[in-house]
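# Chains, contacts and geometry: an overview
Here is what each chain is made of, one letter per residue.
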Amino acid sequence: MRANIEIQTIHSYASIRLGDGKIEKHNTKGTIDCSDLSIKQYVIPVIITAPDGKTVDTYNIILVRDDKSYISGKILTENVNGEHISELEIYKKIQEEKENADGTKEIVETLELVKKEKTKQDGTFKIVMYIPGEDEPSILEHEYVLKVKKDGYLDYTVEEILLEEEKSSNIGEYKLIAGDVTSNGKINIDDLVRLNNNFSKSSLDGASVNAKICDLNEDGIVDRLDRDILRRNYGRISQIKIFKTIIT
């Protein structure tokens, strides 16, 4: 792993030296080799020099290695203001041996909820899953399942997520499918009927729960824009994706 650094002064007549590198006028670039995992912090001296050669200022750039493991990604919605808030649930997959009544044994998989978070307003998220020295290394050995939920939308599930030490397991970007206002995992006639029953209603403070859910683009009113979104997604069902490793 290498870190690229660029320093630029306000005044073009000043000169800079980055670490032990050569002096450059106004701006300079350098590359720091961060491949030694035993080093958690790098200190790079920066020297600013005046035209007469005198040192004007010195300071340090400090690079700190992030050794945590994350699950990250970006979830978009139909929100007209770009406020893509969704609920996130992360489950650990557990395999246990179970003995049946006839004496036979089988492996049973269960899900254990380990994290509940929300996306940021821009839809991005980065959830800490493992911190070396604080958590048990066995955390890295499990598979994880991410469930994304939002009222009025179909759930989105990503399965078989694996963690890697000092890395972020990125699920990528996904746009939630709006229109499941009855929360039954599919968009059908029941959803259209409920939206029509709330047509022209405000979804602002004091509005009914159904009106708020039916305002799919969250612009404050249930109108044809919301109905157009539902019709566009009519017939869709909840999505399940198998995680493909995008380690960053």
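Predicted model, so just to flag it, every value in this text is computed and none were measured.

## A few points about the overall build of the protein
Along the backbone of the protein there are three helices and 16 strands. In the protein, which comprises 248 residues, the proportion classed as buried is 38%. Partitioning the contacts of the protein with sequence separation of at least 6, the portion at a separation of at least 24 is 59%. When the accessible surface of the protein is split by element, carbon and sulfur atoms take 47% of a total near 14,600 Å².

## Some words on the sheet that holds strand 13 (residues 156-161)
Taken together, five strands build an open sheet; the order of strands is 9-8-11-13-16 and the sheet is mixed. Two strands lie at the open edges of the sheet, namely strand 9 (105-118) and strand 16 (239-242), each paired on one side alone. On average, adjacent strands in this sheet sit at an angle of 20 degrees to one another, irrespective of strand direction. Note that strand 13 and strand 16 share four bridges and pair parallel. Paired with Thr-157 across the bridge in strand 16 is Ile-240.

## Observations regarding the nonpolar core
Formed by 34 residues in total, the largest nonpolar core has its most connected members in Ile-71, Ile-75, Phe-125, Leu-146, Ile-161 and Ile-171. In terms of residue count, the dominant contributor to this core is strand 10 (residues 124-130) (four residues). Sequence-distant contacts of Ile-171, defined by excluding residues within four places in its chain, comprise Ile-71, Ser-72, Gly-73, Ile-75, Phe-125, Leu-146, Val-158, Ile-161, Lys-241 and Phe-243.

## Observations regarding the packing of aromatic side chains
The geometry of an aromatic ring pair is captured by two quantities: the separation of the ring centres and the angle between the planes. A complete count under the given rule lists one aromatic pair for this structure. Measuring from ring centre to ring centre gives 3.5 Å for Tyr-156 and Tyr-174, while their planes differ by 5 degrees; the resulting arrangement is stacked. Here Tyr-174 lies in strand 14 (residues 168-175) and Tyr-156 lies in strand 13, a separation of 18 residues in the sequence. We note that Tyr-156, like Tyr-174, is buried.

## Considerations on the sheet that holds strand 10
Reading across the sheet, the three strands line up as 10-7-14 and stay open at both edges, with mixed pairing between neighbours. Each end of this open sheet is capped by a strand with a single partner; those strands are strand 10 and strand 14. Each adjacent strand pair in this sheet contributes to an overall mean axis angle of 15 degrees, direction not counted. Relative to strand 10, strand 7 (residues 69-76) runs antiparallel, the two being bridged by six bridges.

## As for the pattern of salt bridges
For the structure shown, the criterion picks out eight salt bridges. Two residues, Lys-175 and Glu-78, come together in a salt bridge whose shortest N-O distance is 3.6 Å. You can see Lys-175 sitting in strand 14 and its partner Glu-78 sitting in the loop between strand 7 and strand 8 (87-99), a full 97 residues away along the chain. Here the residues in one salt-bridge network are Glu-78, Lys-175 and Arg-232, joined through shared partners.

## Digging into helix 3 (residues 224-232)
For helix 3, the complete set of buried residues consists of Asp-226, Ile-229 and Leu-230. Along the axis of helix 3, the buried residues cluster in a sector spanning 95 degrees; they form a single face. Every exposed residue of helix 3 that faces more than 90 degrees away from the buried side is listed here: Arg-224, Arg-231 and Arg-232. On its buried face, helix 3 sits against strand 15 (178-180), helix 1 (189-197) and helix 2 (209-214).

## Considerations on the packing of helix 1 against helix 3
Relative to each other, helix 1 and helix 3 sit at 180 degrees, their axes nearing to 11 Å. With respect to each other, helix 1 and helix 3 are oriented roughly antiparallel. Across the interface between the two elements, Asp-191, Leu-192, Leu-195 and Asn-196 from helix 1 touch Asp-226, Arg-227 and Leu-230 from helix 3. Residues belonging to the contact of helix 1 with helix 3 are distributed by class as follows: three nonpolar, one polar and three charged.

## What about the environment of Leu-111?
Assignment of secondary structure puts Leu-111 in strand 9. As for Leu-111 and Tyr-91, which are separated by 20 residues in sequence, their C-alpha atoms are 5.6 Å apart. When residues no more than four places from it in sequence are discounted, the contact partners of Leu-111 are Tyr-91, Lys-92, Lys-93, Val-145 and Lys-147.

## A word on the pairing of strand 9
In the sheet, strand 8 pairs with strand 9 via 13 bridges, with the strands oriented antiparallel. Each residue of the ladder has a partner; that of Lys-92, found in strand 9, is Glu-112. Between strand 8 and strand 9, which pair antiparallel in sequence order, lie five residues; one of them, Gly-103, sits at a positive phi of approximately 90 degrees.

Criteria and thresholds
- Residues numbered from 1 in each chain as written.
- Predicted model: local features only at pLDDT ≥ 70, side-chain atom pairs only at ≥ 80, totals over all residues.
- Heavy atoms only, no water.
- Helix = DSSP H or I, 4+ residues; strand = E, 2+ residues; numbered from the N terminus.
- Buried < 20%, exposed > 50% of the residue type's maximum accessible area, 1.4 Å probe, protein only.
- Contact = heavy atoms within 4.5 Å.
- Areas by Shrake-Rupley, 256 points an atom, 1.4 Å probe, with all protein chains shown as cover.
- Pairing = 2+ DSSP bridges.
- Axes fitted to C-alpha atoms, helices over the stretch in contact; angles between N-to-C directions.
- Core = buried A, V, L, I, M, F, W, Y, C linked by side-chain atoms within 4.5 Å.
- Phe/Tyr/Trp six-rings, centres within 6.5 Å; stacked < 30°, edge-to-face > 60°.
- Salt bridge = Lys/Arg side-chain N within 4 Å of Asp/Glu carboxyl O.
- Arc of directions from axis to C-beta.
- Parallel < 35°, antiparallel > 145°, perpendicular 65-115°, else oblique.
- Nonpolar A, V, L, I, M, F, W, Y, C, P; charged D, E, K, R; others polar.

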